[in-house]
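What follows is each chain in one-letter form.
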Amino acid sequence: MSPIAPDRIPAFAHPRPPCSEVRRAALFNLIPSPETLPSLLRRTLDIDTTNRRLAFAHVLAEIPPKSLTLKQRQTVLGRGLRDREEAVRKAAKKLVAKWAEQLDRGGNDPEGLFEAFIGLLDVHSAEGKTVAEKALEALFEVRPDLIEGIELTGAAWRRGNR
């Protein structure tokens, strides 16, 4: 099956097509673009647990975090990390680790990675702080090796608490 072109989206972009298999097919076959992104992000709210999990584990994992707006990143992580199903929360945690991996660029600077990751999120609003805390907990759960490498000096601590 070939990917769906953006001009064919209306048939698949309906908020709730009749069956989960149709929504899953659309999820895997829509080419990520500014036109298709809202439809792809909507699958994080799908009534089917498998579709929500796959939205995080396969589709969003392939989209660089900087391709999403701040609000989209915040919304996606908030939905996934607070999902009622453990399988979806686990997929969202892996997405957090994948995003951190993409930011790392093979470097050996956990503090720089930490700052870059925080930069993806809005830590100046109450909702943003809640999502950022959950995202950091998820990151350290999935990548405990990062905690060992971070030393928050006075300057780094002040930058992070502005």
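Residues numbered from 1 in each chain as written. Predicted model: local features only at pLDDT ≥ 70, side-chain atom pairs only at ≥ 80, totals over all residues. Heavy atoms only, no water.

Engineer: Please explain the overall build of the protein as it appears in this structure.
Structural biologist: A count of helices and strands for the protein gives nine helices and zero strands. Within the protein, the fraction of its 162 residues that count as buried is 40%. Within the protein, counting contacts between residues at least 6 apart in sequence, those at least 24 apart form 63% of the total. Total accessible area computed for the protein in this model is approximately 9,200 Å², and 54% of it derives from carbon and sulfur atoms. (Helix = DSSP H or I, 4+ residues; strand = E, 2+ residues; numbered from the N terminus. Buried < 20%, exposed > 50% of the residue type's maximum accessible area, 1.4 Å probe, protein only. Contact = heavy atoms within 4.5 Å. Areas by Shrake-Rupley, 256 points an atom, 1.4 Å probe, with all protein chains shown as cover.)

Engineer: What am I meant to see in helix α7 (residues 126-142) here?
Structural biologist: Three or four residues apart is the spacing at which side chains of an α-helix point the same way, because the helix has 3.6 residues per turn. With 17 residues, α7 should cover 24 Å at 1.5 Å per step; its first-to-last C-alpha distance of 24 Å lies within 8% of that length. Looking at α7, one finds that the buried residues are Gly128, Val131, Ala132, Ala135, Leu136, Ala138 and Leu139. Projected down its long axis, α7 carries its buried residues within an arc of 160°, all on one side. Within α7, the exposed residues directed more than 90 degrees away from the buried face are Ala126, Glu133, Glu137 and Glu141. (Expected span 1.5 Å × (residues − 1). Arc of directions from axis to C-beta.)

Engineer: What is the right way to look at the side chain of aspartate 83 in this model?
Structural biologist: With respect to the helices, strands and loops of the structure, aspartate 83 is situated in the loop between α4 (70-81) and α5 (86-104). What makes aspartate 83 buried here is its relative accessible area of 9%. A polar side-chain atom of aspartate 83 sits 2.8 Å from the main-chain amide nitrogen of glutamate 85. When near neighbours in sequence (up to four residues on either side) are disregarded, aspartate 83 contacts Arg52, Val88 and Arg89. (Polar contact = N/O pair within 3.5 Å; in protein donor to acceptor, adjacent residues only side chain to side chain.)

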